[in-house]
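One letter stands for each residue in the lines below.
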Amino acid sequence: MDNVEWIDFIQEIVKKGNNVNLKKECEKRGVGLNTLYRKVSGLEQTNYQLYQQFVILHPYKPRDTQGIDFEQLMRESIITGISQKELEAKYGVSKRTIQRKFANIEAENYNLYYIYQLYVDALKTGKTLHHSVIDKVVEEYVPQVVSTEKEKLESRKNQFKESIRNAKENKQRQLCKHYEEQIMRIDKQIESNERGID
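Parameters at a glance
- Residues numbered from 1 in each chain as written.
- Predicted model: local features only at pLDDT ≥ 70, side-chain atom pairs only at ≥ 80, totals over all residues.
- Heavy atoms only, no water.
- Core = buried A, V, L, I, M, F, W, Y, C linked by side-chain atoms within 4.5 Å.
- Buried < 20%, exposed > 50% of the residue type's maximum accessible area, 1.4 Å probe, protein only.
- Helix = DSSP H or I, 4+ residues; strand = E, 2+ residues; numbered from the N terminus.
- Contact = heavy atoms within 4.5 Å.
- Polar contact = N/O pair within 3.5 Å; in protein donor to acceptor, adjacent residues only side chain to side chain.
- Phe/Tyr/Trp six-rings, centres within 6.5 Å; stacked < 30°, edge-to-face > 60°.
- Salt bridge = Lys/Arg side-chain N within 4 Å of Asp/Glu carboxyl O.

### Observations concerning the nonpolar core
Logical step 1: Counting residues in each nonpolar core, the largest one holds 19 residues, and the members touching the most others are F70, M74, I78, L87, F102 and I105.
Logical step 2: Mapped by element, the contributors of at least two residues to this core are helix 5 (70-80), helix 6 (84-91), helix 7 (95-108) and helix 8 (110-125).
Logical step 3: Element by element, the count of residues in this core is highest for helix 8, at six residues.
Logical step 4: Beyond its immediate chain neighbours, meaning those up to four positions away, I78 contacts L112, I115, Y116, Y119, L129, I134 and V137.
Logical step 5: Residues W6, F9, I13 and V55 belong to the second largest nonpolar core, which totals 17 residues.

Following this line, the structure appears as structure tokens:
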């Protein structure tokens, strides 16, 4: 696509609001998601208003679950009654990711998984778990620290810096360039957040 087509494409995305799947939109046009982000970054100098609209609707959000102990989230759910949707809002991890990680717990900690299934069944029938079961869960519960958006972005940025070091050691210039672009996006998102845009 030429520059005019890119601007039209980005405007279309902005018009659709924030409930649009960027990856699918890119697939329809036969372009990569990273190319879209690169083109949007370029708009900061040439079409700041469109750049701002895009960044507000589609901020850089690290899809990073490092540092989150999903067993503890499962315990928190059992103890407090917090739903997966509420966990999503609290910890900034998608409900789908929570569901997937919770399913993995079956192999890693079957006892906890079993208690969680009892808890879910009890919710459906309006019953409660026996206090001895809850006490066991409470005993092993360690509250998770909720990271700020900036902390998550800085953590992701540090991961990309480490990836750049590894890519340079292996002489992978294209990969370095990709990571550098990601760091640029993170820096711009941090700046936007600090200006109160997000």
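That covers the picture; the talk isn't over yet.
### A look at the side chain of Q72
Logical step 1: Looking at where Q72 falls in the secondary structure, it is placed in helix 5.
Logical step 2: At a separation of 2.8 Å, a polar atom in the side chain of Q72 contacts the main-chain amide nitrogen of V142.
Logical step 3: Dropping the residues within four chain positions of it, Q72 is found in contact with E140, Y141, V142 and Q144.

### What to know about the packing of aromatic side chains
Logical step 1: Tallied over the full model, the rule gives six aromatic pairs.
Logical step 2: Relative to Y116, the ring of F102 lies with its centre 5.2 Å away and its plane at 80°, an arrangement referred to as edge-to-face. Residue F102 is located in helix 7, and its partner Y116 is located in helix 8; the two are separated by 14 residues in the primary sequence. Exposure class is identical for F102 and Y116. Each is buried.
Logical step 3: Ring centres of Y116 and Y119 lie 5.9 Å apart, and the angle between their planes is 40°; this geometry places the pair in the tilted category. Taken together, the positions of Y116 and Y119, both in helix 8 and three residues apart, correspond to about one turn of that helix.
Logical step 4: A relative accessible area of 9% means that Y119 is categorised as buried.
Logical step 5: Feature note: the residues F102, Y116 and Y119 constitute an aromatic cluster, connected by ring pairs.

### Quick look at helix 4 (residues 48-57)
Note that an α-helix has 3.6 residues per turn; residues three or four places apart therefore point the same way.
Logical step 1: Listed as buried for helix 4 are L50, Y51, Q52, F54 and V55.
Logical step 2: Buried positions along helix 4 lie against helix 1 (3-15), helix 2 (22-29), helix 3 (33-46) and helix 11 (173-194).

### A short note on the environment of E76
Logical step 1: Within the element layout of this structure, E76 appears in helix 5.
Logical step 2: Under the relative-accessibility criterion, E76 is labelled buried at 3%.
Logical step 3: Taking the C-alpha atoms as reference, E76 lies 8.8 Å from V137; in sequence the two are 61 residues apart.

### Focus: the pattern of salt bridges
Logical step 1: For the structure shown, the criterion picks out 13 salt bridges.
Logical step 2: As a salt-bridge pair, K136 and E140 come within 3.0 Å of each other at their nearest N and O atoms.
Logical step 3: For K136, a relative accessible area of 40% puts it in the partly exposed group.
Logical step 4: Residue E140 is classed as partly exposed on the basis of its relative accessible area, which comes to 33%.
Logical step 5: Between R165 and E162 there is a salt bridge, and its shortest N-O distance comes to 2.8 Å. Of this pair, R165 and E162 are both found in helix 10 (residues 149-169), three residues apart, which corresponds to roughly one turn of the helix.

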